[in-house]
Amino acid sequence: MTQYVWGYLDEYESERADLLAAVDEVFRSGKLVLGPSVAGFEREFADYHGATHCVGVDNGTNAIVLALRALGVGDGDEVITVSNTAAPTVIAIDAVGATPVFVDVHEDTYLMRVDQVEAAITDRTKCLLPVHLYGQCVDMAPLEEIAARHGLPILEDCAQAHGATHHGRIAGSMGIVSAFSFYPTKVLGAYGDAGAAVTSDPELDANLRRLRYYGMEDVYHVVRTPGYNSRLDEVQAEILRRKLTRLPEYLAGRRAIADRYAEALSDTDLVLPATAPGNDHVYYVHVVRHPQRDRIIAAMREHDIHLNISYPWPVHVQQGFTHLGVEPGSLPVTERLAGEIFSLPMYPSLTRGAQDKVIDALREVLATL
């Protein structure tokens, strides 16, 4: 399934020389798999998060899969998370044979209701998996207290929160391990699939490195199963190294656009993004709400503005997850949000003229409802 990436061509044109130089450098090196670009990116991305280790993998889903495996999560275990997330979060839990246990989310921030987590813990719970959604962090202090009280590890899903902070702590530094996606739409995006797991635990680091490389300790010698072929590509790593230096610019661009939307739309009945206390939002997507969401999207299409929904179906109501046995109605806020949320265009290279087009069309459409 081909997916269009907002802003891709604009970014490519502005960074083309550096991106092509990255590809040329890798090709000329002759080191195409787990070479110096992967090692360099791992070191630099770990440093960015104040961590000791980063393990580059092939995509964000497998970053979660391998992190769960490294934590010893498997058949019969339970992982507490949310249904208001991209399906890969739950697909990864399912892939290791564990069962996702869902708690609801806050209506204003769309983030995990940490106050529901403790009641969901059973003797089968082996991991807490908060999702830092849409560009901001879950309330981590109380979650860390719960984890400590029950002796449970925290695996942060940071796929949508590169560079976001929570009371001064950066997303990916608050659990024992964190998982990142570098899909092209992300705040820090590759030019294809890529992912990483970040940790300061040496044992987890060693396990992650074995898991991504067939379970091998040395070449041709498997020391644990199951193993995977989940290596970060050397070309993507070199691109990510260069883009990591521009991450502050990407964040500033996204926040400036969010501020402009807030200023221009605050007098409408559109529910704009709310930032949780202590959070510094990076606006991976700019999610708004309206009870007549579908009418708005259809009307905006007539203005040649195509809006996305992240996500139209909570995970637990999707056909592929009926085996979980989670009944519709069990997560009322999550389910209500799915019928109202949609995203405005958000990428750093979105021009002021394009922003004006979105704002003017949206105000016009809202006035007719």
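Residues numbered from 1 in each chain as written. Predicted model: local features only at pLDDT ≥ 70, side-chain atom pairs only at ≥ 80, totals over all residues. Heavy atoms only, no water.

## Focus: the overall build of the protein chain
When its secondary structure is counted, the protein chain shows 12 helices and 14 strands. What you see for the protein chain is a C-alpha radius of gyration of 21 Å, in line with the 21 Å of a compact globule of 369 residues. Its C-alpha atoms put the protein chain at 65 × 55 × 40 Å along the principal axes. Expressed as a percentage of its 369 residues, the buried residues of the protein chain come to 54%. Across the protein chain, every contact between residues at least 6 apart in sequence was considered, and the portion connecting residues at least 24 apart equals 70%. Looking at the protein chain as shown, the accessible area adds up to about 15,700 Å², and 51% of this sits on carbon and sulfur atoms. Here the protein chain contributes 31 positively and 50 negatively charged side chains, and the mean placements of these two sets differ by 3 Å. (Helix = DSSP H or I, 4+ residues; strand = E, 2+ residues; numbered from the N terminus. Rg over C-alpha atoms; globule rule 2.2 N^0.38 Å. Buried < 20%, exposed > 50% of the residue type's maximum accessible area, 1.4 Å probe, protein only. Contact = heavy atoms within 4.5 Å. Areas by Shrake-Rupley, 256 points an atom, 1.4 Å probe, with all protein chains shown as cover. Lys, Arg positive; Asp, Glu negative; His and termini not counted. Charge placed at Lys NZ, Arg CZ, Asp CG, Glu CD.)

## What to know about the confidence of the model for the protein chain
Mean pLDDT over the protein chain stands at 96; residues scoring 70 or higher make up 98%. Least confident of the elements in the protein chain is strand S10 (residues 216–218), whose mean pLDDT is 84; most confident is strand S5 (residues 155–157), at 99. (pLDDT = per-residue confidence, 0-100.)

## Notes on the environment of His166
With respect to the secondary-structure elements, His166 resides in strand S6 (residues 165–166). Distance from His166 to Ala141, taken between C-alpha atoms, is 9.5 Å for residues 25 residues apart in sequence. In this structure His166 touches Cys137, Val138, Asp139, Met140, Ala141, Met174, Pro277, Gly278 and Asn279, once residues within four positions along its chain are discounted. In this structure the side chain of His166 is engaged in a polar contact, spanning 3.3 Å, whose partner is the backbone nitrogen of Met140. Among the polar contacts made by the side chain of His166, one reaches the side chain of Asn279 at a distance of 2.8 Å. (Polar contact = N/O pair within 3.5 Å; in protein donor to acceptor, adjacent residues only side chain to side chain.)

## Focus on helix H2 (residues 36–48)
Here H2 is 13 residues long and its end C-alpha atoms lie 18 Å apart, about the 18 Å a rise of 1.5 Å per residue gives. Every buried residue of H2 is listed here: Ser37, Val38, Gly40, Phe41, Glu42, Phe45 and Ala46. Two residues or fewer after H2 comes Gly50, characterised by a positive phi angle close to 65°. (Expected span 1.5 Å × (residues − 1).)

## Notes on the sheet that holds S5
The strand order across the open sheet formed by four strands is S1-S9-S8-S5, and the pairing between neighbours is mixed. Strands with a single pairing partner mark the edges of an open sheet, and in this sheet they are strand S1 (53–57) and S5. Strand-to-strand twist in this sheet, taken as the mean axis angle between neighbours without regard to direction, amounts to 20°. In this sheet, strand S9 (residues 195–199) lies alongside strand S8 (residues 177–181) in antiparallel orientation, the contact comprising five bridges. Along S9, the bridge assignment pairs Ser181 with Gly195. The strands that helix H3 (residues 60–70) touches are S1, S5, S8 and S9; relative to S8, the one it contacts most, it runs at about 160°. Against the sheet, helix H7 (residues 202–212) touches S1, S8 and S9, its axis set at about 15° to S1. (Pairing = 2+ DSSP bridges. Axes fitted to C-alpha atoms, helices over the stretch in contact; angles between N-to-C directions.)

## What to know about the pattern of salt bridges
Counted by the stated rule, this structure contains 25 salt bridges. With a shortest N-O distance of 2.6 Å, Glu144 and Arg169 are connected by a salt bridge. Of this pair, Glu144 sits in helix H6 (residues 140–150) while Arg169 sits in strand S7 (residues 169–170), and the two are 25 residues apart along the sequence. Since its relative accessible area comes to 32%, Arg169 is described here as partly exposed. Through salt bridges with shared partners, one network takes in Glu15, Asp18, Glu25, Glu44, Glu238, Arg241, Arg242 and Arg246. (Salt bridge = Lys/Arg side-chain N within 4 Å of Asp/Glu carboxyl O.)

## Section: unusual backbone geometry
In this structure, the amide linkage connecting Thr225 to the following residue, Pro226, adopts the cis form with an omega of 0°. Examined against the element boundaries, Pro226 turns out to sit in the loop between strand S11 (221–222) and helix H8 (234–244). Cis geometry is found at the peptide bond from Ser310 to Tyr311, where omega equals 15°. Considering the arrangement of structural elements, one finds Tyr311 in the loop between helix H10 (293–302) and helix H11 (332–338). You will see that Asp304, though not glycine, has its phi angle at about 65°, which is positive. With respect to the element layout, Asp304 can be found in the loop between H10 and H11.

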